[in-house]
Amino acid sequence: MSFDEDSMNETDETVLVRFVVNGRKVACEVTPRETLVDCLRNALELTGTHAGCEMGACGACLVQLDGRAVHSCLMFAVQADGARIDTIEGLTESGAIADLQAEFHRRNALQCGFCTAGMLINAQELLSQAARPSREAIRDALSGNYCRCTGYEAIIDAIDAVARARSEAGGAP
Ligand code: FES
Ligand code: FES
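Computed from a prediction, not measured in an experiment: that's the story for all the values here. (Residues numbered from 1 in each chain as written. Chains lettered and ligands numbered in written order. Predicted model: local features only at pLDDT ≥ 70, side-chain atom pairs only at ≥ 80, totals over all residues. Heavy atoms only, no water.)

(A) Focus on the pairing of strand β3 (residues 62-65). In β3, alternate side chains face the same way, and those of Leu-62 and Gln-64 on one face and Val-63 and Leu-65 on the other are all buried. Counted along the chain from β3 to the antiparallel partner strand β4 (residues 68-71), the turn is two residues long, and its residue Asp-66 has a positive phi close to 50 degrees. When β3 meets strand β5 (residues 84-86), the two strands line up antiparallel, connected through two bridges. Across the sheet, Leu-65 pairs through a bridge with Ile-85, a residue of β5. (Buried < 20%, exposed > 50% of the residue type's maximum accessible area, 1.4 Å probe, protein only. Helix = DSSP H or I, 4+ residues; strand = E, 2+ residues; numbered from the N terminus. Pairing = 2+ DSSP bridges.)

Rendered as structure tokens:
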């Protein structure tokens, strides 16, 4: 067998990975270089997570991995083997970000929605770490989330309002 044939076979191999996604145990056959975002979107049909730049710059692909926001375009699916993953679908079903979603809706903080899942997951991450971030801190936290159609003021207003409401209610849910 030639070197090239060896390389082709290695690329075609699949690996079984197991995760807990949105509270459900799942197993997927993936190639070693398949990204987590592709696995979520293609194998698991969780298309709320978007693939934009696919190089860690735009934030469209953010998901929670063991409770922390990560770029699913920068991880191979095999690296997430055994992890707990929560996508925008799971966070929506659980109600964990219902207040953020309602405030984004109320303030027109989205238009096409391509960036919105990543914005919400990043906002949730920020508010889990800082109960009352300043507008400057919110702006800074969103510096890795690109929005091409809404502009950022309404998004910052929405996150600021939720931070205030959660803080007055005694902390993040
Ligand atoms: S698609 Fe992952 S950061 Fe842009
Ligand atoms: S709402 Fe369209 S990219 Fe943000």
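(B) Here's a closer look at the domain arrangement of the protein. As far as domains go, the protein holds domain 1 (5-92) and domain 2 (95-168). Its C-alpha centre places domain 1 at a distance of 24 Å from the equivalent point of domain 2. Taken together, the contact pairs 18 residues of domain 1 with 17 residues of domain 2. Of the roughly 1400 Å² buried between domain 1 and domain 2, counting both surfaces, carbon and sulfur atoms make up 57%. (Domains from an automatic or database assignment. Contact = heavy atoms within 4.5 Å. Buried area = accessible area lost by both parts, 1.4 Å probe.)

(C) Here's a closer look at the environment of Leu-100. Looking at the secondary structure, you find Leu-100 in helix α4 (residues 98-106). Among residues more than four places away in sequence, those in contact with Leu-100 are Leu-120, Ala-123, Gln-124, Leu-127, Ile-159, Val-162 and Arg-166.

(D) Structural view of helix α5 (residues 116-129). Here α5 spans 20 Å end to end across 14 residues, near enough to the 20 Å set by a 1.5 Å rise per residue. The element α5 is largely enclosed, with a buried count of 12 among its 14 residues. Turning to α5, its buried residues are Thr-116, Ala-117, Gly-118, Met-119, Leu-120, Ile-121, Asn-122, Ala-123, Gln-124, Glu-125, Leu-126 and Leu-127. For α5, the elements touching its buried residues are β3, β4, α3 (88-94), α4, α6 (135-141) and α7 (153-169). (Expected span 1.5 Å × (residues − 1).)

(E) Region of the structure containing the sheet that holds β5. With mixed pairing, five strands are arranged side by side in an open sheet as β2-β1-β5-β3-β4. The sheet is open, and its two edges are formed by β2 (24-30) and β4, each paired on a single side. Across the sheet, the axes of successive neighbouring strands diverge by a mean angle of 40 degrees, strand direction being ignored. Helix-sheet contacts for α5 involve β3 and β4, and the interaxial angle to β3 is about 45 degrees. (Axes fitted to C-alpha atoms, helices over the stretch in contact; angles between N-to-C directions.)

(F) Local environment of the environment of Met-75. Residue position: Met-75 is located in the loop between β4 and β5. Sequence spacing of Met-75 and Cys-53 is 22 residues, and the spatial spacing of their C-alpha atoms is 14 Å. In contact with Met-75, other than residues within four places in its own chain, are Glu-34, Thr-35, Leu-36, Leu-65, Val-70 and Ala-80.

(G) How the structure looks around the environment of Arg-148. Topologically, Arg-148 is positioned in the loop between α6 and α7. Note: C-alpha distance between Arg-148 and Ala-83 (65 residues apart in sequence) is 32 Å.

(H) Seen up close, α7. When the terminal C-alpha atoms of α7 are compared, their 24 Å separation across 17 residues agrees well with the 24 Å that a helix rising 1.5 Å per residue should span. Buried within α7 we find Ala-154, Ile-155, Ile-156, Ala-158, Ile-159, Asp-160, Ala-161, Val-162, Ala-163 and Arg-166. Tucked into the core, α7 has its buried residues touching α4, α5 and α6. Just past α7, the residue Gly-170 takes up positive phi, approximately 105 degrees.

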